[in-house]
Amino acid sequence: MTSVVQDIVNGLGLGGTYALLALGLALVFSILRLINFAYGELMTITGYILFFALGAGLATPLVIVLGIVGAGVASVAMERAVFRPFRNADATTLLLTSFALSVALQTLFQATISANAKGVDLSFIPGLIFIAGVQVGGTQLVSTVTSLVVLVCLGTFLMRTTLGVSIRATAENFHVARLMGIRANRVIVSSFLVSGLLAGVAGVLWVIQIASVNPLMGTTPVLKAFVAAIVGGLGSLRGVVLAGFLLGFLETLLQTYLPGSASGYRDAMLWVILIGVLLLRPQGLFAPAAERA
Amino acid sequence: MMAESVLGRTLVGTVVLAGVLIAASLLGLAEFNSAVVTIFLTDVVAAVGLAVFMGNSGILSFGHPAFMGLAAYVSGLASMNPVLRRATLTTFPHLLSGISLPFWGGVCLAIGFVALFALTTGLAIVRLPRDAAAIATLGTLVIVNVVLVNARSITNGSQTLYGVALTVGWRGALVVAVLCVTIARLYREASAGLELRASREDEVAAAALGINVRRRRLEAWVLSAIISAAAGVLLGHFLGAFSPAQFYLTLTITVVAMVIVGGETTVSGVVMGTILVTAVLQVLGNWEDGASLGPIHIPALLGLPTLGLSVVLVLAVYFRRQGLFGRQELEFAVAGSARRRMSRRVRPGAREDVAEPLVDTSTEDVGVAKK
């Protein structure tokens, strides 16, 4: 019984992080058909902001806010500097550009900061929390709650606010949205900002979990987020969130129940599952029925 | 199969490219050293391998370094001195410890293994639409990397595997490079290659013509995997020691840059792109510890070559997406411009005040990709 509750919380915590990342990826993809390889580097930027801000002696809440906002700013900068010139390019070109950007950023971090991990101590969360008499990891619980809260807020933003509805409209049909009077640049910049903030939150949660930051830390979670986003169906934001949680659960289950020697192959198995899903349903599991080509 | 004149032209083109490779190698030996030249030739093979799939099918692939890595490990382990192998890999499985092949046996085993792996993964990948296929190739790269890192008893995990036989030098690499360039050129102009290139331009129209797009893509995937495997074998047996990280993202962006900068649709493009990128990497490598160019001082920057490579890739994609030789093979570009010049000079009865015909009929572009 204990382990089931723990597994659920762990799965939700990890799944929440993946859901946030997958959502950020899908948001940008749905408007620009751009798969942003450099998305993981936004998490790394958050991590380094946390590191330097803590080093400067700032208070923890301020540090976290700075980290999240910093990721949003970096995301907008990426759009302005690197992706805007390629606004009308084909998908392959965009993939190449974002891949090059990702590698460039990783190299820059290694060169200008350090190739080694730097410790980040955000230990304001108690190690273990009791729920209904069951011990649960504190950081996992915080991760779960934070992800759910952020997702609900984002949902409200996308459904109720003008800007949110504009983003959804643009994602559905770019040209008709513009004909309706929606300012394309504003929507694109906003979606990059939102996706950057999501990466920032995910970055903070990730850094809390691993208590350190290193130049390559963005690669692994963002690859998993790709899996989630594609399995969920990149056009459907809800599907992507669901897929993120599914992936988190799957990974947690594999982690718990795989024998020790095989646990390293967990990531390979996830990718095999992805390719399997793509074979059966190339548009993703939850993609909306009417999909543009 | 292939029109006579096309075959003739292809062979001429191949000879031209072989000449370019030989010239570049000799220049490299004079300017740098044989290690640089060998790595350069290995990169040529790797880039040609990638382009055979990516250039002809139009599907971006991140997965080819996986084939290189697999081939390097299989060949390296199969032909490693068993005593040395037992010493380095203390938990090497008993079932495999009997395998000790001569160099060429190991090579054949590696290429066969990679071809089989490519066939398996290819069956899945060719069914996917383009975007999904590109991500699936990334998945192949990740899966192979995870397996190499975790199969510690066989591969020494993420640590370096030592003791691979040092059987490759620049001459051997040159022979393999010329061979692969020939194969790539012949494939490109053969009916299978032409059909695949048609599907790159317009998948629906090609299918409507009766082209079996999936089968052509699978053929290209397996052929490109075999060539990449050759590159992996060359690299492995030249370095003598390697780790899975060498066949991951850095190698991917290097090879992709070489293909894109030169032009993914033509073999000449790939060769020239590799020469250009190798030159850039050499220069940046020298500047990695800081350099002064007259009044400008460049600070020491670890990883400058990789950084420079990403910048070059983005610039190439922005300014000239089709690459240096994206439209035509080398010999067409040269012959075409020569013919244009000749036809303007010698035109019996041509009047000076009459405008040139709108359609330029003076060049013969066979198999040109319109971009």
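Draft legend 1. Expanded view of the overall build of chain B. Counting secondary structure elements, chain B contains 16 helices and two strands. The proportion of buried residues among the 371 residues of chain B is 50%. Pairs at least 24 residues apart make up 80% of the contacts formed inside chain B by residues separated by at least 6 positions.

Draft legend 2. Inspection of the interface of chain A and chain B at higher detail. Contact residues are listed per partner, giving 29 residues for chain A and 32 residues for chain B. Secondary-structure elements contributing two or more residues to the side of chain A that touches chain B are α4 (91-112), α9 (219-232) and α11 (266-280) of chain A. Considering every element that reaches the side of chain A that touches chain B, the biggest residue donor is α4(A), with 14 residues.

Draft legend 3. How the structure looks around helix α8 (residues 184-210) of chain A. Residue and element names in this part refer to chain A. Counted at 1.5 Å a residue, the expected span for α8 with its 27 residues is 39 Å, and the 38 Å between its end C-alpha atoms agrees. Most of α8 is tucked away: 19 of the 27 residues are buried. In the stretch just after α8, Ala211 is the one whose phi turns positive, near 55°.

Draft legend 4. Inspection of the packing of helix α6 (residues 103-125) of chain B against helix α7 (residues 130-150) of chain B at higher detail. Residue and element names in this part refer to chain B. Remark: α6 packs on α7, axes separated minimally by 10 Å, with the N-to-C direction vectors making an angle of 150°. Classified by the interaxial angle, the pair formed by α6 and α7 is roughly antiparallel. As α6 runs across α7, the sense of the crossing is right-handed. Contact with α6, carried on its side by Thr121, Ala124 and Ile125, involves Ala133, Ala136, Thr137 and Thr140 of α7 and no other residues of that element. Of the residues belonging to the contact of α6 with α7, the class tally is four nonpolar, three polar and no charged.

Draft legend 5. Just helix α13 (residues 249-262) of chain B, in detail. Residues and elements named next belong to chain B. In this model α13 runs 20 Å from its N-terminal to its C-terminal C-alpha over 14 residues, within 8% of the 20 Å that 1.5 Å per residue would give. Counted residue by residue, α13 has 13 buried out of 14 residues, so it is predominantly covered. Two residues or fewer after α13 comes Gly263, characterised by a positive phi angle close to 120°.

Draft legend 6. Here's a closer look at the environment of Val241(A). Residue and element names in this part refer to chain A. With respect to the helices and strands, the residue Val241 is situated in helix α10 (residues 237-257). A tally of 26 C-beta atoms within 10 Å means that Val241 is categorised as buried. C-alpha separation for the pair Val241 and Leu58, spaced 183 residues apart in sequence, amounts to 33 Å. Filtering out sequence-adjacent residues up to four positions away, Val241 remains in contact with Ala19, Leu23 and Leu151.

Draft legend 7. Fine view of the nonpolar core. Ala22(A), Val45(B) and Val48(B) are the most contacted members of the largest nonpolar core, which has 198 residues in total. Counting residues per element, this core draws most heavily on helix α1 (residues 2-32) of chain A, at 16 residues.

Draft legend 8. Seen up close, unusual backbone geometry. A positive phi angle, near 55°, is found at Arg33(A), a position not held by glycine. With respect to the helices and strands, Arg33(A) occurs in the loop between α1 and α2 (39-55).

What counts, and where the lines are drawn
- Residues numbered from 1 in each chain as written.
- Chains lettered and ligands numbered in written order.
- Predicted model: local features only at pLDDT ≥ 70, side-chain atom pairs only at ≥ 80, totals over all residues.
- Helix = DSSP H or I, 4+ residues; strand = E, 2+ residues; numbered from the N terminus.
- Buried ≥ 20, exposed ≤ 12 C-beta atoms within 10 Å, placed from the backbone.
- Contact = placed C-beta atoms within 7 Å.
- Expected span 1.5 Å × (residues − 1).
- Axes fitted to C-alpha atoms, helices over the stretch in contact; angles between N-to-C directions.
- Parallel < 35°, antiparallel > 145°, perpendicular 65-115°, else oblique.
- Left-handed = near helix turned anticlockwise from the far one by under 90°.
- Nonpolar A, V, L, I, M, F, W, Y, C, P; charged D, E, K, R; others polar.
- Core = buried A, V, L, I, M, F, W, Y, C linked by C-beta atoms within 7 Å.

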